[in-house]
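The residues making up each chain are set out below.
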Amino acid sequence: MKPLLIISLFLSQACLAQESLMQLGQTVAWHSANAKNRAISIQEELQKADQYFNSWMGVQPEYQLYVLSPEDWKKYAHPQIIYGMPHYNGKGQLIVAAEDNIFWKRNTPSLDRLSQESAKQMKETYGNPPSLMSAFDLLAIHELGHVYQQKAGMVKQRNWLNELLCNILLHTYLAENHKERIPNILVFAKSNIEAFPPDRLKYTALKDFDEKYNELGTQHPDNYGWYQCQFHAKAGDIYDSIGEEGVKKLWNTLLSLKTLLPDEELNQVLYSVHPGLEKVLKEW
Ligand SMILES: [Zn+2]
């Protein structure tokens, strides 16, 4: 979820990564010793998403997928990002966890804080007790969205918009190719929002997400995850409202912006893409 954090520090470590990780055949995936099967399933989905994005974005970025054990995470992931939080390092490397972990468990919505219907969906989607692995595995596709933004040369207007766009891309890929997998991400996102204890949220405003982006990602990962769940839920609403064609128009519109726009101007550009986008964005 986190692009471009302390890149220079990361790079010196990333160069070493392939010396101890194993490559998955001739693919772009590298994995820890015991994570081959995990790498296969994440890589297969990522490759399909890559083909889908490439089919209408008109660029082809190069990237590598790292599926890491906790031990390898310490060596090769961003040093301040908790094990389990997917991230992109700005140099084509998508980093995800191979194993279920404390971060996922801690952020699994507590069933007794959920409505009966939400608790039922949680159990149906993630098992009982629930494991969020199928949700977090899909986030490699969110990270791929960052790679495409970078390759296409998109100007980063706002952190929240960059993140929301990646979630819209993930949702659009699923809706257009694997509708049945939408619950894997959306049930978690909506349940997390429903059950998250408000006293554990340091920040909730959109402008805080923008201004405290690095602080949130490194010091308040649960709070950061809550924002991402909000973005996932909104991404679903936006896709439902504007459809694939609207998403393509949004992508091309953002790509056409060559300078940083002030808030009001940026809002007007976003609202001009589709009335449905205006409605969802105004609901924050
Ligand atoms: Zn992200």
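Residues numbered from 1 in each chain as written. Predicted model: local features only at pLDDT ≥ 70, side-chain atom pairs only at ≥ 80, totals over all residues. Heavy atoms only, no water.

1. Considerations on the environment of Pro86
Our working rule: Strands are runs of DSSP state E lasting at least 2 residues, helices are runs of H or I lasting at least 4, and numbering of each runs from the N terminus. The buried label applies to any residue whose accessible area, calculated with a 1.4 Å probe on protein chains only, is under 20% of its type's maximum; exposed applies above 50%, and partly exposed to all values in between.
Position of Pro86 among the secondary structure elements: in the loop between α4 (70-76) and β4 (87-88). Exposure remark for Pro86: the relative accessible area of 1% places this residue in the buried category. In sequence terms Pro86 and His142 are 56 residues apart; their C-alpha atoms lie 8.9 Å from each other.

2. Focus: the confidence of the model for the protein
As a general rule, the predicted coordinates of low-pLDDT regions are not to be interpreted in detail. Definition in use: Every residue carries a pLDDT, the predictor's confidence in it, which falls somewhere between 0 and 100. Working rule for contacts: check all heavy atoms of both residues, and any pair within 4.5 Å makes them a contact.
With 94% of its residues at a pLDDT of 70 or more, the protein has an overall mean of 93. Note on residues 4-17: pLDDT under 50 across the span, and 30 contacts to partners over four residues away in sequence or across chains.

3. Considerations on helix α9 (residues 159-177)
The line we're drawing: Here, expected helix span is obtained from the residue count minus one, scaled by 1.5 Å.
For α9, with 19 residues, the first-to-last C-alpha span of 27 Å sits near the 27 Å given by 1.5 Å per residue. Where burial is concerned, most of α9 is hidden: 17 out of the 19 residues are buried.

4. Here we look at the pattern of salt bridges
Our working rule: Salt bridge, as applied in this entry: a Lys or Arg side-chain nitrogen positioned within 4 Å of an Asp or Glu carboxyl oxygen.
In total, this model carries 14 salt bridges according to the counting rule given. The partner of Arg38 in a salt bridge is Asp137, and the shortest N-O contact between them spans 2.8 Å. You can see Arg38 sitting in helix α3 (residues 36-57) and its partner Asp137 sitting in helix α7 (residues 133-137), a full 99 residues away along the chain. Take Arg38: its relative accessible area is 14%, and that puts it in the buried class. Close ionic contact of Glu278 with Lys282 constitutes a salt bridge, the shortest N to O distance being 2.6 Å.

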